[in-house]
Amino acid sequence: MKRLQDILYKVELSEVLGSIDLSVASICFDSRKVDKGSLFVAVKGTQVDGHEFIGKAVRQGAVAILAEEFPSETQEHITYVKVKDSSLALALTAANFYDNPSDKLKLIAITGTNGKTTVSSLLHQLYLSMGKSVGLISTIVNKIGDKEIVSTHTTPDAIALNSLLSEMVSSGCEYCFMEASSHA
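Going along each chain's sequence as written, the residues are numbered from 1 onward. In keeping with the predicted nature of the model, local features appear solely for residues at pLDDT of at least 70, side-chain atom pairs appear and are counted solely at 80 or more, and the whole-chain, interface and lining totals rest on all residues. Processing note: side-chain calculations cover all non-hydrogen atoms of the structure and skip hydrogens and water entirely.

Trainee: I'd love a proper account of the overall build of the protein, names of residues and values included.
Mentor: The secondary structure content of the protein amounts to five helices and twelve strands. Put simply, the radius of gyration uses C-alpha atoms, and a globule should come to 2.2 Å times the residue count raised to 0.38. The C-alpha atoms of the protein give a radius of gyration of 18 Å, which matches the 16 Å a tight globule of 184 residues would have. Seen through its C-alpha atoms, the protein measures out along the principal axes to roughly 55 × 30 × 25 Å. Going through the 184 residues of the protein one by one, you find that 42% of them count as buried. We call two residues contacting when some pair of their heavy atoms lies within 4.5 Å. Pairs at least 24 apart in sequence give 56% of the contacts found in the protein among residues at least 6 apart. Under the convention used here, a 1.4 Å probe and the Shrake-Rupley method define accessible areas, while residue burial counts only the protein chains that appear. As displayed, the protein offers around 10,000 Å² of accessible surface, 50% of which is attributable to carbon and sulfur atoms. Averaging the positions of the 17 positive and the 21 negative side-chain charges in the protein gives two centres separated by 4 Å. A helix here means a DSSP run of H or I that spans at least four residues, while a strand means a run of E at least two residues long, and both kinds are numbered starting from the N terminus. Using a 1.4 Å probe on the protein chains alone, a residue whose accessible area is under 20% of its type maximum counts as buried, one over 50% counts as exposed, and one in between counts as partly exposed. In this tally Asp and Glu are treated as negative and Lys and Arg as positive; neither His nor the chain ends contributes. Throughout, a charge is located at the NZ atom of Lys, the CZ atom of Arg, the CG atom of Asp or the CD atom of Glu.

Next comes the structure, spelled out in structure tokens:
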């Protein structure tokens, strides 16, 4: 559990309805993943606008909503936080929620048209063979040392990325080699 006021650190707030002095159990931008105690971040996507799912997130147990627009009807027991850019706010709140793990290891990102998987995998293996504690984030697989974790995207979303980096830090990783898509 984290305090909402702490995970909003460095987020440029436009308006707040309710208290930011409350506990948050998780952060979600997919309303289907909201649980009791969640902060739901409404993000405008290319296909779907997360603002349309604020009501569903509240019904599923969200205690706070972070959005670019407040819904027409607000609930008295829910905190609403308005921001200019909810995508940027999602990145900042996810990093804060997981104690800014990218600040605690050397993160090397590989981008380009071809060769990202090969280069990141080779660097991961090289550093492992040198006795370093390393992580890997790639299209094919994510790794913490030799432990494999299923990969679903070339570049994970902000929440998944910070969760994975936090796990690497907790496991003692010093380096992380990461594929980064050109639009990530």
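That covers the picture; the talk isn't over yet.
Trainee: So what about the packing of aromatic side chains? Which residues, and what values?
Mentor: Centres within 6.5 Å are what make two rings of Phe, Tyr or Trp a pair, Trp counting through its six-membered ring; a difference in plane orientation under 30 degrees is then read as stacked, over 60 as edge-to-face, and the rest as tilted. Using the criterion set out here, one finds five aromatic pairs in the structure. With a centroid separation of 4.9 Å and an interplanar angle of 65°, the aromatic rings of Y127 and Y175 are classed as edge-to-face. In this pair, Y127 sits in helix 4 (residues 116–129) while Y175 sits in strand 12 (residues 175–179), placing the two residues 48 residues apart along the sequence. Under the relative-accessibility criterion, Y127 is labelled partly exposed at 22%. Ring plane angle 65° and centroid distance 5.0 Å describe the contact between Y127 and F177, whose orientation is recorded as edge-to-face. Note that Y127 is positioned in helix 4 and F177 in strand 12, a separation of 50 residues in sequence. Judged by its relative accessible area of 2%, F177 is buried. Members of the aromatic cluster, joined through ring pairs, are Y127, Y175 and F177.

Trainee: How would you summarise the packing of helix 3 (residues 86–97) against helix 5 (residues 158–170) if you had to cite specific residues and measurements?
Mentor: Inter-axis angles, ranging from 0 to 180 degrees, are taken between N-to-C directions of lines fitted to C-alpha atoms, where helices are fitted over the stretch in contact. Contact geometry for helix 3 and helix 5: axes closest at 9 Å, N-to-C directions at 20°. Taken together, the axis directions place helix 3 and helix 5 in an arrangement best described as roughly parallel. Helix 3 and helix 5 meet at a crossing whose hand is right-handed. Of the residues in helix 5, those touching helix 3 at L90, A91, A94 and A95 are A158, I159 and N162. Ten residues, namely Ala, Val, Leu, Ile, Met, Phe, Trp, Tyr, Cys and Pro, are considered nonpolar, four, namely Asp, Glu, Lys and Arg, are considered charged, and the remaining ones, Gly among them, are considered polar. Tallied by class, the residues present in the contact of helix 3 with helix 5 amount to six nonpolar, one polar and no charged. Any angle that is under 35 degrees is reported as roughly parallel, and any over 145 degrees as roughly antiparallel; angles of 65 to 115 degrees are reported as roughly perpendicular and all others as oblique. When the near helix sits turned anticlockwise from the far one by under a right angle, the crossing is termed left-handed; a clockwise turn instead gives a right-handed crossing.

Trainee: Describe in detail the layout of surface pockets, supporting the description with residues and values.
Mentor: A volume near 480 Å³ is recorded for the largest pocket. Only protein atoms enter the 1 Å grid used here. Points where a 1.4 Å probe fits but cannot escape make up a cavity, open sets with protein on both sides within 12 Å along at least five of seven lines make up a pocket, and a residue lines them when an atom lies within 4 Å of a point. In this structure, the largest pocket is lined by 18 residues; those nearest its centre are F29, V43, G45, V48 and G50. Grid points are joined across faces, edges and corners, and a volume is the space filled by probe spheres set on the points.

Trainee: Requested: an account of unusual backbone geometry, with residues and values cited.
Mentor: Phi is positive for K10, which is not a glycine, with a value near 75°. By the secondary structure assignment, K10 is in the loop between helix 1 (4–7) and strand 2 (13–17). Phi is positive for D99, close to 60°, though the residue is something other than glycine. You can see D99 is positioned in the loop between helix 3 and strand 8 (106–110). Classification of D99 by relative accessible area gives partly exposed; the value is 40%.

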